[in-house]
Amino acid sequence: MAGRRGSRRTTIIVVVVLVLLVAGGLVGAKLYADSSAADQVANRTEELEEMLAGAGPRDFLAFNSGRSVAGSVAQQVADAEDFVSVDARADRAMIRFQPKGWWAGFTERCIVAVVSETGVELLELKTACVRVSPSDY
């Protein structure tokens, strides 16, 4: 009978240790994914700053027509692998980009470019682009 109790205790200890190791691994993976996502999003934001330099909201008002003009900023945006959508008005355009990476299963990121007459503002959000409403910007 004493052997069974010792065996049960050992089994319980092994199970608890395994659960703690798995939980620690998941937390570590999440932290590593967040760090990698932040680095890649920061790099992508710099690329978008260069692409959108000098752009104004009118570059996106007739987006479908503008994307057919070779070399236009609208074409560059539309051809971007991570492009999601454009919401354009006379005074501002909001463009969403959903960066992709191995970390996407662990963390969501969206880059929102707000283009106005005064310049381009890029926001790095910790959410999926489908959750970003154009009315917020």
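Residues numbered from 1 in each chain as written. Predicted model: local features only at pLDDT ≥ 70, side-chain atom pairs only at ≥ 80, totals over all residues. Heavy atoms only, no water.

**Re the packing of aromatic side chains**
- This structure, assessed with the given rule, holds five aromatic pairs.
- Ring geometry for phenylalanine 63 versus phenylalanine 83: centroids 5.6 Å apart, planes at 35°, classification tilted. Residue phenylalanine 63 is located in helix H2 (residues 63–66), and its partner phenylalanine 83 is located in strand S1 (residues 83–88); the two are separated by 20 residues in the primary sequence.
- What links up through ring pairs into an aromatic cluster is the set Phe60, Phe63, Phe83 and Phe97. (Phe/Tyr/Trp six-rings, centres within 6.5 Å; stacked < 30°, edge-to-face > 60°. Helix = DSSP H or I, 4+ residues; strand = E, 2+ residues; numbered from the N terminus.)

**Details of the state of the cysteines**
- The tally for this structure, following the rule as stated, stands at one disulfide.
- Two residues share a disulfide in this structure: cysteine 110 and cysteine 129, whose sulfurs sit 2.1 Å from each other. Its S-S torsion of approximately 100° makes the covalent link between cysteine 110 and cysteine 129 right-handed. Of this pair, cysteine 110 sits in strand S3 (residues 110–116) while cysteine 129 sits in the segment after strand S4 (119–125), and the two are 19 residues apart along the sequence.
- Residue classification places cysteine 129 among the buried positions, given a relative accessible area of 1%. (Disulfide = S-S within 2.5 Å. Buried < 20%, exposed > 50% of the residue type's maximum accessible area, 1.4 Å probe, protein only.)

**Structural notes on the side chain of aspartate 82**
- Tracing the backbone shows aspartate 82 in the loop between helix H3 (73–79) and S1.
- The class of aspartate 82 is buried, set by a relative accessible area of 6%.
- Dropping the residues within four chain positions of it, aspartate 82 is found in contact with Arg44, Arg96, Phe97, Gln98, Pro99 and Lys100. (Contact = heavy atoms within 4.5 Å.)

**Concerning the environment of glycine 101**
- You can see glycine 101 is positioned in the loop between strand S2 (92–97) and S3.
- With a relative accessible area of 29%, glycine 101 lands in the partly exposed category.
- Separated by 64 residues in the primary sequence, glycine 101 and alanine 37 place their C-alpha atoms 7.5 Å from one another.

**Concerning the pairing of S3**
- Counting buried positions along S3 gives seven out of seven residues, so the element sits mostly inside the fold.
- Across the two faces of S3 the burial is the same, with Cys110, Val112, Val114 and Ser116 and Ile111, Ala113 and Val115 all buried.
- For S2 and S3, the ladder comprises six bridges, and the chain directions are antiparallel. Pairing of arginine 96 across the sheet is with valine 112, part of S3.
- Taken together, the seven bridges between S3 and S4 define a ladder with antiparallel strand orientation. Across the sheet, the residue bridging to alanine 113 is leucine 122, located in S4.
- The antiparallel pairing of S3 with S4 creates a hairpin that spans two residues between the two strands. (Pairing = 2+ DSSP bridges.)

That's the geometry; what it means functionally is another story.
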